[in-house]
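Per-entry structural report
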Amino acid sequence: MASIDRIAKVEISLATTSINQQSFSDLLFLAPLPASADRVFLVTSADELLDRGVALTDALYTAVQTVFQQDRAIDQVYVGRRTVDEDGDPTETITEALVAIRAAHSGWYGLIQLSRVAAEIMEAAAWVEANDKLQLASSGDAGIITAGDADIASQLKALNYNRTALWYHASAGTEWVEAALAANRFTYDPGAETWANVRLSGVQTDPLTEGQSQIVRSKNANTYEQFRNLGLSQYGTVASGEWIDIIRFRDWLKDRVQTGIVDVLAKADGKIPYTSAGIQVIVTALRAALDAGVTAGGIAPRETDANDNVLESYRITYPGLAEIADSVKSQRLLEGIKFSARLAGAIHTTEITGTLSYSI
């Protein structure tokens, strides 16, 4: 029988495989565990820890249980081992443990360590700052709610850390306010959430005075307080004073832009030529990432103000082919692409004034 290829030869290549995007909703607990434990493992319930020799009374069990107690919660968490000896004493530093954990599995984003020791929170803060992770921590140090700068919140603020968020919580030794919040907030796409005004389960509120709460805020730390019948998280900032959701969204957007560009380069049919059309391929990939940011809620949508002026979501600028030097083209480097985007932000508080009268 004659081959149909003689008349209609068809070749179809598969372009279905894309570069993996980083998750910004995976939480890891750094826990003291014996060397026999896996360096990193995944659990979907606290009871799974019992099969690994963790007791019901262990801090790790309580912390993980807090995650799954929330009305809205992520469905899995990672546990990373910080090796301890038979007496429970660490045989490696926080940094050594985190390096080993990241080598074993790097896909997680949020870090909660079981230690409440200020020096160890500070050590982890230095590591996450350099490794694009986000540390969530809490402390019952009474110095946080009083004037002075010797406490851990003041130290973190002084270092202007963008990747550690600290909560003052008097019961930090036994409760896990940061785990409860992460469990809830990580269910939202980056940019779609705020870390303030969130109700939590399994965590007591702190009965702070307004003065104490404002001191905590001045140190760029956070609280969980009672407002009439509601317990609500307050502030939602990292140590530098930036909002937690902005840091998380920025990391997500960077990853989305990077993976989008790599994806089009990897799937190019032969190559992307250094032409005006080729430049547009890269710009289109950038635009797709920014559009995804609008959909996620981190970038504000296109809208008009009271005077009908158009407020764009974002702007992209890029050089024309003739503007690019031959020396740059010869390196096969496309540079000079820039964007600016308008953050959607969030409303945390309001101020409303009104007047009551017999006529308006």
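To keep things clear, this report deals only with the structure shown in the data block. (Residues numbered from 1 in each chain as written. Predicted model: local features only at pLDDT ≥ 70, side-chain atom pairs only at ≥ 80, totals over all residues. Heavy atoms only, no water.)

1. Topic: a negative patch on the surface
Together, Asp85, Glu86, Asp87 and Asp89 make up a region of like negative charge exposed at the surface. Turning to its location among the elements, Asp87 is positioned in the loop between strand 3 (77–84) and helix 2 (94–104). By relative accessible area, which is 66% here, Asp87 ends up exposed. (Patch = residues over 30% accessible without salt bridge, like charges linked within 9 Å, V, L, I, M, F, W, Y side chains within 5 Å. Areas by Shrake-Rupley, 256 points an atom, 1.4 Å probe, with all protein chains shown as cover. Salt bridge = Lys/Arg side-chain N within 4 Å of Asp/Glu carboxyl O. Lys, Arg positive; Asp, Glu negative; His and termini not counted. Charge placed at Lys NZ, Arg CZ, Asp CG, Glu CD. Helix = DSSP H or I, 4+ residues; strand = E, 2+ residues; numbered from the N terminus. Buried < 20%, exposed > 50% of the residue type's maximum accessible area, 1.4 Å probe, protein only.)

2. Comments concerning the nonpolar core
In terms of nonpolar packing, the biggest core is built from 61 residues, with Leu27, Phe29, Leu60 and Leu136 touching the most fellow members. Looking at this core element by element, the count peaks at nine residues for helix 8 (residues 276–296). Dropping the residues within four chain positions of it, Leu60 is found in contact with Phe29, Ala31, Leu33, Leu49, Val54, Val79 and Leu114. Membership of the second largest hydrophobic core comes to 16 residues, among which are Ala137, Ile145, Leu166 and Val216. (Core = buried A, V, L, I, M, F, W, Y, C linked by side-chain atoms within 4.5 Å. Contact = heavy atoms within 4.5 Å.)

3. Digging into the sheet that holds strand 4 (residues 110–113)
Ordered by their spatial adjacency, six strands build an open sheet running 2-3-1-4-5-6, and the pairing between neighbours is mixed. The sheet is open, and its two edges are formed by strand 2 (40–43) and strand 6 (164–168), each paired on a single side. For this sheet, the mean angle separating the axes of adjacent strands, direction not counted, is 30 degrees. Inspection of the sheet shows strand 4 paired to strand 5 (residues 134–139) by two bridges, in the parallel sense. Looking across to strand 5, one finds that Gly110 is bridged to Leu134. (Pairing = 2+ DSSP bridges. Axes fitted to C-alpha atoms, helices over the stretch in contact; angles between N-to-C directions.)

4. Observations regarding the pairing of strand 4
Residues Gly110 and Ile112 line one face of strand 4 and the alternating positions Leu111 and Gln113 line the opposite face, and both faces are buried. Sheet topology places strand 1 (residues 27–34) next to strand 4; four bridges connect them, and they run parallel. Within strand 4, the residue paired with Leu27 across the bridge is Gly110. As for the winding sense of the linkage, the β-α-β connection from strand 4 through helix 3 (residues 118–131) to strand 5 is right-handed. (Right-handed = clockwise from strand over helix to strand, strands pointing away.)

5. A word on the packing of helix 2 against helix 3
It is the contact of helix 2 with helix 3, at a shortest axis distance of 9 Å, that shows an interaxial angle of 40 degrees. Between helix 2 and helix 3, the crossing angle belongs to the class labelled oblique. Read as a crossing pair, helix 2 and helix 3 show a hand that is right-handed. Here Ile94, Thr95, Leu98, Val99 and Arg102 of helix 2 lie close against helix 3, whose contacting residues are Glu120, Glu123, Ala124, Trp127 and Asn131. (Parallel < 35°, antiparallel > 145°, perpendicular 65-115°, else oblique. Left-handed = near helix turned anticlockwise from the far one by under 90°.)

6. As for the pairing of strand 1
In the case of a regular strand, side chains alternate between the two sheet surfaces. The element strand 1 is largely enclosed, with a buried count of six among its eight residues. Relative to strand 3, strand 1 runs parallel, the two sharing seven bridges. Residue pairing in the sheet places Pro32 in a bridge with Arg82 of strand 3.

7. Side note on the packing of aromatic side chains
Taken as a whole and judged by the stated rule, the model has six aromatic pairs. Ring geometry for Phe24 versus Tyr109: centroids 4.9 Å apart, planes at 75 degrees, classification edge-to-face. You can see Phe24 sitting in the segment before strand 1 and its partner Tyr109 sitting in the loop between helix 2 and strand 4, a full 85 residues away along the chain. Aromatic pair Trp108 and Trp127: ring centres 6.2 Å apart, planes at 15 degrees, arrangement stacked. Within this pair, whereas Trp108 is found in the loop between helix 2 and strand 4, its partner Trp127 is found in helix 3, the two being separated by 19 residues in sequence. Classification of Trp108 by relative accessible area gives buried; the value is 0%. Residue classification places Trp127 among the buried positions, given a relative accessible area of 8%. Of the aromatic side chains, those joined through ring pairs into one cluster are Phe24, Tyr109, Trp167, Phe186 and Trp195. Between the NZ or CZ atom of Arg52 and the centre of the ring of Phe41, over which it lies, the distance is 3.9 Å. The aromatic ring of Trp108 is capped on one face by Lys133, whose charged end is 4.6 Å from the ring centroid. (Phe/Tyr/Trp six-rings, centres within 6.5 Å; stacked < 30°, edge-to-face > 60°. Lys NZ or Arg CZ within 6 Å of the ring centre and 35° of its normal.)

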